[in-house]
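# Residue-level structure breakdown
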Amino acid sequence: MTRVLFIASEVFPLIKTGGLADVAAALPAALHKRGVDIRLLLPGYPSALENAGSLKEVMQFNDPLGCGQTRLLETNLPGSGVKTWLIDCPQIFSRNGGAYQDPDGQDWHDNHLRFGLLSYIATLLVSEHGQKWSPDIVHANDWHAGLAPALVSVAKNPRPATIFTIHNLAYQGIFAPEVADHLDLPADIASSMEFYGRLSFLKAGIKWADAVTTVSPNYAQEILSSENGCGLDGLLRERAPVLHGIMNGVDYGIWNPETDTYLTHNYGPGQLSFKSACKTALQNEVGLDHDEAAPLVGFMSRIVHQKMPDIVLEALPSLIETGKQFVLVGDGERQYEDGFRAMQERYPGRVAVRIGYREDMAHRLLAGVDVLLHPARFEPCGLVPLYAMRYGTVPVGCRNGGMVDSIIEGSPAALRNGTATGFFLETETAQGLRDCMDRVFDLYRKPLLWRKLQVHIMQRDHSWAAAAKAYDGLYRSLANPSNDLEAPLLSKLSA
Ligand code: ADP
Ligand code: GLC
């Protein structure tokens, strides 16, 4: 049985700011089901400790990195029961605010320590503590855990193999060079992380891990180019022989309209009239005019530049003035939040804006809207469009990243042969969005064809099984290098 230590900065339902939390809960659960002995490690933010239920102290650390009293608390992840370790370190985690930012939206001044400690503790678990359980694989996610593959590589011999997964190359964890001293980094690690005179946690992960993965096959290709490599494409090209694109999945135990307890009505592909009832309930809940005939468009993303809120804002008036309704649930950058609030004031009853992400509303939005707007300037995977499909909600995205792997454009031919799964903007502009919506609503006006598309996307299987099999294969090949990696995993990159 492969033993895996899975490190992430957020895990649903303990703490969540985006898709990483969903993956860090669902992928370990799927691996656990396959018989992998997997354990999670994450920071003990106050909300995570609170949401964790019963916690048991399993270890104490003596002032690690000068962070004061620190303990490891153990719980079973609600939902899957995967064994989970939280790092309880009041000096750096016990504060009001978010996982990465203070209440004013500024990055915490000591993020290098908050996340440096995450990797540092992982390394102690692997090496010094002489505990009964020690992993064969350390699987670190995103920049927050980027130091782990580096520190593990120099900590112990023989050492566990390491995997680093990039969920988003645009977030890099870049700090002043002085943090190397605060983090006690060996000189070779510090120099390997140099990024234009500063230090990059993300670069450490990519550089030191035995294998690097990212969250869709197409994104794995894209990041090798200077256009999409965020300054790391040279290093990524060097690491291409060990870089794998593995498409994320969907946890249908959570995102499934047939069983979703947040909905007023449950439904499957044969009961779409109940989806209409969810639409009416959503219109009531958010204060939209009760108008069954009005096409309802939803937006449910982190409201940040990546997700093109500027373009959505620019295109919105023409959508509304041609009879559509719009609902948004989410939060993000202040200037865009204000822009959407202003739209709600300008179009009362036609535009509803709920700033502040809420899990229950996210589910009701996906069930109640006809179309999910999910444009993005780049999108490593894009879970929300996959969730939308299960709810019979047609996704609209851009032709990049994981969207290319999951959306098949609703061209006349693809609609005829039943393979279409959504629509793409042809250009990343407001005009591109308006043109795309014209195509979408041409189809919407043909109820039989629209229903056929809805039924098809609801029946697609994007469950975690395929990805878990791929990661399991990768773990085995790293834990025991004589096991050849299954060819399909590598095919796309080596082709
Ligand atoms: P990303 O990880 O880039 O945000 P994904 O589509 O992969 O995009 O995953 C988004 C996840 O985060 C979904 O579970 C969604 O419900 C949730 N989500 C969407 N908007 C927000 C928000 N503003 N704050 C927190 N979580 C959000
Ligand atoms: C990131 C990406 C998103 C991906 C998610 C989970 O935040 O922006 O595309 O789905 O991580 O891997």
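Remember, predicted model here, so these are calculated numbers, not experimental data.

Aromatic rings in a pair are described by how distant their centres are and how their planes are angled relative to each other. Tallied over the entire structure, the rule returns 13 aromatic pairs. Between Trp 255 and Tyr 387 the ring centres are 4.1 Å apart and the planes differ by 10°, which places this aromatic pair in the stacked class. Here Tyr 387 lies in helix α15 (residues 383–390) and Trp 255 lies in the loop between β12 (243–245) and α11 (272–286), a separation of 132 residues in the sequence. Both residues of the pair, Trp 255 and Tyr 387, count as buried. In this structure an aromatic cluster arises from ring pairing among Tyr 100, Phe 115, Trp 143, Phe 175 and Phe 201. Directly above the aromatic system of Trp 108 lies the positively charged group of Arg 95, at a separation of 4.8 Å from the ring centroid. If you follow Arg 390 out to its NZ or CZ, it ends over the ring of Tyr 252, 3.8 Å from the centre.

This part is about the site of ligand 1. The local shell around ligand 1 holds 19 residues, among which Lys 16, Gly 19, Asp 22, Arg 302 and Tyr 357 are the closest. A distance of 2.7 Å separates an oxygen atom of ligand 1 from a polar atom in the side chain of Lys 16. Here ligand 1 has 560 Å² of accessible area as a free molecule, and 93% of this is covered by the chains. Secondary structure elements with two or more residues in the shell around ligand 1: α1 (19–33) and α15.

Take empty space enclosed by the protein next. Summed over all chains, the structure comprises two cavities of 30 Å³ or more. Taken as a whole, the largest cavity spans an internal volume of roughly 80 Å³. In terms of lining residues, the largest cavity is bounded by 15 residues, among which Asp 22, Ala 26, Asp 251, Trp 255 and Tyr 387 are the most central. At the level of elements, α1 and α15 are the ones that each hand at least two residues to the lining of the largest cavity. Looking at the lining of the largest cavity, the element that brings in the most residues is α1, giving five residues. Considered class by class, the residues forming the lining of the largest cavity number eleven nonpolar, one polar and three charged. Domain assignment of the residues forming the lining of the largest cavity places at least three in each of domain 1 (3–249 + 464–494) and domain 2 (273–459). Quantified by volume, the second largest cavity comes out at close to 70 Å³. Considering the residues around the second largest cavity, the lining is formed by Ala 414, Leu 415, Gly 418, Thr 419, Ala 420, Leu 449, Lys 452, Leu 453 and His 456. Elements with a contribution of two residues or more to the lining of the second largest cavity: α17 (412–416) and α19 (447–459).

One turn of an α-helix holds 3.6 residues; hence residues three or four places apart share an orientation. Here α19 contains 13 residues, and its C-alpha end-to-end distance of 18 Å stays within 8% of the 18 Å for a straight helix at 1.5 Å per residue. Residues Trp 450, Leu 453, Gln 454, Ile 457 and Met 458 constitute the buried set of α19. Looking straight down α19, one finds that the buried residues subtend no more than 130° of arc, so they occupy a single side. Along α19, exposed side chains directed more than 90 degrees from the buried face belong to Leu 448 and Gln 459.

Where helix α4 (residues 111–126) meets helix α5 (residues 147–155), the axes come as close as 9 Å, and the angle between the chain directions of the two elements is 35°. At the point where α4 passes α5, the crossing takes the right-handed sense. Here α4 contributes Gly 116, Ser 119, Tyr 120, Thr 123 and Val 126 to the contact with α5, which in turn contributes Leu 147, Ala 148, Leu 151, Val 152 and Ala 155.

Right, let's get into unusual backbone geometry. Looking along the chain, the bond that leaves Phe 12 and enters Pro 13 is cis, with omega of 5°. Following the sequence through the fold, Pro 13 ends up in the loop between β1 (3–7) and α1. Even without a glycine there, the phi angle at Asp 142 is positive, about 60°. Examined against the element boundaries, Asp 142 turns out to sit in the loop between β6 (137–141) and α5. For Asp 142, a relative accessible area of 6% puts it in the buried group. The phi angle at Cys 230 is positive, at roughly 50°, despite the residue not being glycine. A relative accessible area of 33% means that Cys 230 is categorised as partly exposed.

Counted as a void, the second largest pocket has a volume near 580 Å³. If you trace the second largest pocket, you find 28 residues lining it, with Ala 26, Ala 29, Asp 251, Gly 253 and Ile 254 closest to the centre. Elements represented by at least two residues in the lining of the second largest pocket include exactly α1, α14 (359–368) and α20 (465–479). The biggest single contributor to the lining of the second largest pocket is α1, with six residues. Residue classes in the lining of the second largest pocket are distributed as 15 nonpolar, eight polar and five charged.

Residues in close proximity to ligand 2 total 14 residues, the closest being His 167, Asn 248, Glu 379, Cys 381 and Gly 382. The separation between an oxygen atom of ligand 2 and a polar side-chain atom of Asn 248 is 2.8 Å. Note that an oxygen atom of ligand 2 is positioned 2.9 Å from one of the backbone N or O atoms of Cys 381. Summarising the interface, the protein chains cover 93% of the accessible area of ligand 2, which totals 310 Å² for the free molecule. Class assignment of the residues belonging to the shell around ligand 2 gives a composition of six nonpolar, six polar and two charged.

What counts, and where the lines are drawn
- Residues numbered from 1 in each chain as written.
- Chains lettered and ligands numbered in written order.
- Predicted model: local features only at pLDDT ≥ 70, side-chain atom pairs only at ≥ 80, totals over all residues.
- Heavy atoms only, no water.
- Phe/Tyr/Trp six-rings, centres within 6.5 Å; stacked < 30°, edge-to-face > 60°.
- Helix = DSSP H or I, 4+ residues; strand = E, 2+ residues; numbered from the N terminus.
- Buried < 20%, exposed > 50% of the residue type's maximum accessible area, 1.4 Å probe, protein only.
- Lys NZ or Arg CZ within 6 Å of the ring centre and 35° of its normal.
- Near = heavy atom within 4 Å.
- Polar contact = N/O pair within 3.5 Å; in protein donor to acceptor, adjacent residues only side chain to side chain.
- Areas by Shrake-Rupley, 256 points an atom, 1.4 Å probe, with all protein chains shown as cover.
- 1 Å grid on protein atoms, 1.4 Å probe; cavity = no way out; pocket = protein on both sides within 12 Å on 5 of 7 lines; lining within 4 Å.
- Points joined across faces, edges and corners; volume = space filled by probe spheres on them.
- Nonpolar A, V, L, I, M, F, W, Y, C, P; charged D, E, K, R; others polar.
- Domains from an automatic or database assignment.
- Expected span 1.5 Å × (residues − 1).
- Arc of directions from axis to C-beta.
- Axes fitted to C-alpha atoms, helices over the stretch in contact; angles between N-to-C directions.
- Left-handed = near helix turned anticlockwise from the far one by under 90°.
- Contact = heavy atoms within 4.5 Å.

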